[in-house]
Amino acid sequence: MRDRHDYLIVGSGLFGAVCAHELVKKGKSVLVLEKRDHIGGNIRTEKADGIDIHRYGAHIFHTSNRMVWDYVDAITPFSPFINSPVANYKGRIYSMPFNMHTFSKMWGISMPEEAERIIAEQRKEIVGEPKNLEQQAISLVGRDIYETLVKGYTEKQWGRDCSSLPADIIKRLPVRLTYDNNYFNDPWQGIPSEGYTVLAERLLEGSDIILDEDFNKRREYWRSRAGITIYTGCLDELFDCCYGPLSYRSEVFRLERIEKENYQGVAVMNFTEREIPYTRIIEHKHFLKTKSPVTWISREYPVDYTETGEPYYPINDELNNSLHGRYLALAQKDDKLLIGGRLAMYRYFDMDKTVEKALELVQRCR
């Protein structure tokens, strides 16, 4: 390994890996520092019994950008996968996203106009612009759907009452008046045939990589080893939380091997009642339709960030967004520092947007 590199990339997740790949193609020397003991960040997959296990929850690549799809598919081939999750409420199964299958099960109806009429009647209780997530959900799908399929799941996920959460959180949720169980509207959807870890490995080819290294504990030393630093970690930690810590929600993933060929019949099952502590069960073999006499599942338990130290979801309320803005202003004063990715930008990004943003950043690199 050389003593000095053109670029130091902090984090080997999808954003950092794409940056590394493009910079190496430009003939730059790249050093990647990773805090964990493995590359790939949250997209990492690991094999067990021939099954690719999504170590940090379900990751389904979907995009409407043909360039982005061709980019990742050229690095490692993707297998098609249509996400058709189901919601389990007290043993009753409902289709996700909300569509005519859901409304038919909920209300015993069959026609779109019947669903429209019921939703229109139930949303009358919301007057004016929705002020929080509860009001936004009711205005989208009515109170019945909200109480059964949104409220409990969301309050588990965020650890807060729906009436205290921003309305924006629920706006991404698809609602359809067709019998269409395809969760995403994007024309290109799939999962790497060899797993996401292979995608990360190929993106990082040609870079020097150091694992188990916390950049912020030896920040000055590592920055002295490179010309430009691309930072993808938590932005408050980069500045020693000088304005105070940003808030996140975290997850605990409990993996289990089951001596059955098929456990739940679907890759993703959400559990929407508040009394069940986990939000969903992932059965990993269904992502790539793997044939195996056994199966692996993981239960996802939302927890406070302080319980794990692993930040997953930024809490984008007014206070935290303002705080992040102050840290962002500090970062922008440093002409040898570039930032990107979901943690540094304090935003939830789908994987295709992560790739887009990384490519945009590298275009600015000399």
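Small disclaimer: the values here were computed from a predicted structure and weren't measured. (Residues numbered from 1 in each chain as written. Predicted model: local features only at pLDDT ≥ 70, side-chain atom pairs only at ≥ 80, totals over all residues. Heavy atoms only, no water.)

Participant: Summarise the side chain of H324; cite the residues concerned and give the values.
Facilitator: Along the chain, H324 turns up in helix 10 (residues 318-331). On the basis of relative accessible area, H324 is assigned to the buried category, the value being 7%. Ignoring anything within four residues of it in the chain, the contact list for H324 reads L235, L246, A344, M345 and Y346. (Helix = DSSP H or I, 4+ residues; strand = E, 2+ residues; numbered from the N terminus. Buried < 20%, exposed > 50% of the residue type's maximum accessible area, 1.4 Å probe, protein only. Contact = heavy atoms within 4.5 Å.)

Participant: Help me get a handle on the pattern of salt bridges, residues and values and all.
Facilitator: Applying the stated rule across the entire model yields 23 salt bridges. Measuring nitrogen to oxygen at the nearest pair gives 2.8 Å for the salt bridge that ties D49 to R257. One end of the pair, D49, is in the loop between strand 3 (45-48) and strand 4 (51-54); the other, R257, is in strand 12 (residues 248-258), with 208 residues separating them in the sequence. Salt-bridge contacts for E121 lead to K124; the nearest nitrogen and oxygen are separated by 3.1 Å. Take E121 and K124: they sit in the same class, and that class is exposed. Three or more residues joined by partner-sharing salt bridges are found here, namely R44, E46 and R55. (Salt bridge = Lys/Arg side-chain N within 4 Å of Asp/Glu carboxyl O.)

Participant: Pulling in residues and values, what's your account of the layout of surface pockets?
Facilitator: Space left empty within the atom packing is revealed by a probe, the size of a water molecule, rolled over the atoms. Counted as a void, the second largest pocket has a volume near 290 Å³. Along the walls of the second largest pocket sit 17 residues, with I339, G340, M345, L361 and R364 positioned nearest its centre. Where the lining of the second largest pocket is concerned, the elements lending two or more residues are helix 10, strand 17 (337-339) and helix 12 (351-363). Of the residues that constitute the lining of the second largest pocket, the class distribution is nine nonpolar, three polar and five charged. (1 Å grid on protein atoms, 1.4 Å probe; cavity = no way out; pocket = protein on both sides within 12 Å on 5 of 7 lines; lining within 4 Å. Points joined across faces, edges and corners; volume = space filled by probe spheres on them. Nonpolar A, V, L, I, M, F, W, Y, C, P; charged D, E, K, R; others polar.)

Participant: An account of the environment of F103 is requested, with residue identities and associated values reported.
Facilitator: Following the sequence through the fold, F103 ends up in helix 3 (residues 100-107). Along the chain, F103 and E114 lie eleven residues apart, while their C-alpha atoms are 9.1 Å from each other. Once you skip the residues sitting within four places of it in the chain, F103 turns out to touch F98, G108, I109, A115, I119, I145, V175, R176 and L177.

Participant: Any chance you could break down the packing of helix 1 (residues 14-25) against helix 12 for me, citing the residues and the numbers?
Facilitator: What describes two packed helices is the angle between their axes and the distance between those same axes. Taken N-terminus to C-terminus, the directions of helix 1 and helix 12 make an angle of 40°; their axes are 9 Å apart at the nearest point. With respect to helix 12, the axis of helix 1 lies oblique. Both helix 1 and helix 12 take part in a crossing whose hand is right-handed. Listed contacts from helix 12 to L14, F15, V18, C19, E22 and L23 of helix 1 are M351, T354, V355, K357, A358, L359, L361 and V362. Along the lines of polarity and charge, the residues of the contact of helix 1 with helix 12 split into eleven nonpolar, one polar and two charged. (Axes fitted to C-alpha atoms, helices over the stretch in contact; angles between N-to-C directions. Parallel < 35°, antiparallel > 145°, perpendicular 65-115°, else oblique. Left-handed = near helix turned anticlockwise from the far one by under 90°.)

Participant: Which residues make up the sheet that holds strand 10 (residues 208-210), and what are the values?
Facilitator: Taken together, the five strands give an open sheet; going across it, the order is 10-2-1-11-17, and neighbouring strands pair in parallel fashion. The open sheet has two edge strands, strand 10 and strand 17, and neither has a second partner. Averaged over all adjacent pairs, the angle separating strand axes in this sheet is 20°, with direction ignored. Summarising the sheet, strand 11 (residues 226-231) and strand 17 pair through three bridges and their orientation is parallel. Paired with I230 across the bridge in strand 17 is L338. Of the strands in this sheet, strand 1 (5-10), strand 2 (30-33) and strand 11 are in contact with helix 1, which crosses strand 1 at around 165°. (Pairing = 2+ DSSP bridges.)

Participant: Got a sec to walk through the sheet that holds strand 15 (residues 295-304)? Specific residues and values, please.
Facilitator: On the basis of which strands lie adjacent, the open sheet formed by seven strands has the order 8-7-13-14-15-12-16 and mixed pairing. Strands at the two margins of the open sheet, each flanked by one partner only, are strand 8 (92-95) and strand 16 (313-314). By the bridge criterion, three bridges tie strand 7 (residues 86-89) to strand 13 (residues 268-271) in an arrangement that is parallel. The partner of A87 across the bridge, within strand 13, is N270. On top of the sheet, helix 5 (residues 133-158) reaches strand 7, strand 8, strand 12, strand 13, strand 14 (280-283), strand 15 and strand 16; it is set at about 105° to strand 12, its chief contact.

Participant: So what's going on with the nonpolar core? Which residues, and what values?
Facilitator: With 51 residues, the main nonpolar core has F98 and F103 as its most contacted residues. Ranked by residue count, the leading element in this core is helix 5, at nine residues. One finds Y7, I9, A17 and Y196 within the second-largest nonpolar core, a separate group that totals 43 residues. (Core = buried A, V, L, I, M, F, W, Y, C linked by side-chain atoms within 4.5 Å.)

Geometric values such as these leave the question of function open.
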